[in-house]
Amino acid sequence: MGRPRTFDIDAAVDRAMELFWRQGFEATSTEDLVEGLGITRGSLYKAFGSKEQLYAMALRRYCERHAVGLIEMLDRAEQVRPAIRAVLMELVEADLADPERGCLLVNAATERSAHPDTVQRVSHTMGQIESALAGALERARVRGDIAADKKPRELAQFLTTFLQGLRVMGKARADRAFLENAVEVALGALD
């Protein structure tokens, strides 16, 4: 029987998520993970199987924390426009505060587009975001908060795409005025 694990798996996944988020999959070496998680190489492989499996866990964790928070905010929103503005401005603030970090979902989609598991996770999460936006927009249309002729699913597809583009522009160091103006223009699609 092996020795019991002496580290917290959840905390290790969180630390790995931060490393992958900041450095990317390819640039994060096994040694970076061993050092960043404060464990031995053997413990890394015993607990997670491989760097690839740890990355999948970290990406899942990111999606659960960040996408689910956005989805819950939209589901609770009594007024869709202020809720969407709040979500977009929260992302603008995050990117202005730490542009190198960007969005792990965007980073995963661009760095690992040839990896089916990553593509599936990204696509699934984007689909969840789109569905939450469509639901919020449909409720807003029914209440009369947006015009009756607006198509919630199409608006949701646009906003999901815009949201990811906003994250890319943040990472490209677009300034506050640019990002805030882009948010206002995107919100104009709801008029």
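These notes cover the structure that comes with them. (Residues numbered from 1 in each chain as written. Predicted model: local features only at pLDDT ≥ 70, side-chain atom pairs only at ≥ 80, totals over all residues. Heavy atoms only, no water.)

### Focus: the packing of helix α1 (residues 9-23) against helix α4 (residues 51-76)
Worth spelling out the cut-off: Here an axis means a line fitted to C-alpha atoms, over the contact stretch when the element is a helix, while the angle between two N-to-C directions is reported on a 0 to 180 degree scale. The helix count covers DSSP runs of H or I at least four residues long, the strand count covers runs of E at least two residues long, and both are numbered beginning at the N terminus. Roughly parallel covers angles under 35 degrees, roughly antiparallel covers those over 145, roughly perpendicular covers 65 to 115, and oblique covers all other angles. Working rule for contacts: check all heavy atoms of both residues, and any pair within 4.5 Å makes them a contact. We call Asp, Glu, Lys and Arg charged. Ala, Val, Leu, Ile, Met, Phe, Trp, Tyr, Cys and Pro are nonpolar, and the rest, Gly among them, are polar.
Following both chains from N to C, one finds α1 and α4 inclined at 90°, their axes separated by 8 Å at the closest point. One element, α1, and the other, α4, form an angle in the roughly perpendicular class. Here Asp10, Val13, Asp14, Ala16, Met17, Phe20 and Trp21 of α1 come into contact with α4, specifically with Lys51, Leu54, Tyr55, Met57, Ala58, Arg61, Tyr62, Arg65 and His66. When grouped by side-chain class, the residues that make up the contact of α1 with α4 number 10 nonpolar, 1 polar and 5 charged.

### Details of the nonpolar core
This is how the line gets drawn: By convention a nonpolar core is built from buried Ala, Val, Leu, Ile, Met, Phe, Trp, Tyr and Cys residues, the set being connected through side-chain atoms within 4.5 Å. Between buried and exposed lies partly exposed: a residue is buried under 20% and exposed over 50% of the maximum accessible area for its type, with that area taken using a 1.4 Å probe on protein chains only.
Core analysis: the largest hydrophobic core is formed by 34 residues, its most contacted members being Leu74, Ile84, Leu137, Val183 and Leu190. For this core, the secondary structure elements donating two or more residues are α4, α5 (80-97), α7 (116-143), α8 (152-171) and α9 (176-187). With 8 residues, α5 is the single largest residue contributor to this core. Contacts of Leu74, omitting those with residues within four sequence positions, involve Ala83, Ile84, Ala132, Leu133, Ala136 and Arg139. Of all hydrophobic cores here, the second largest spans 28 residues; its members include Phe20, Phe25, Phe48 and Leu105.

### Structural notes on the packing of aromatic side chains
Let me state the cut-off plainly: Between rings of Phe, Tyr and Trp, where Trp is taken as its six-membered ring, a pair exists when centres lie within 6.5 Å; planes separated by under 30 degrees are stacked, by over 60 edge-to-face, and by other angles tilted.
Tallied over the full model, the rule gives 6 aromatic pairs. Relative to Phe162, the ring of Phe158 lies with its centre 6.2 Å away and its plane at 25°, an arrangement referred to as stacked. Of this pair, Phe158 and Phe162 both sit in helix α8, separated by 4 residues, roughly a single helical turn. By relative accessible area, Phe158 is classed as partly exposed at 37%.

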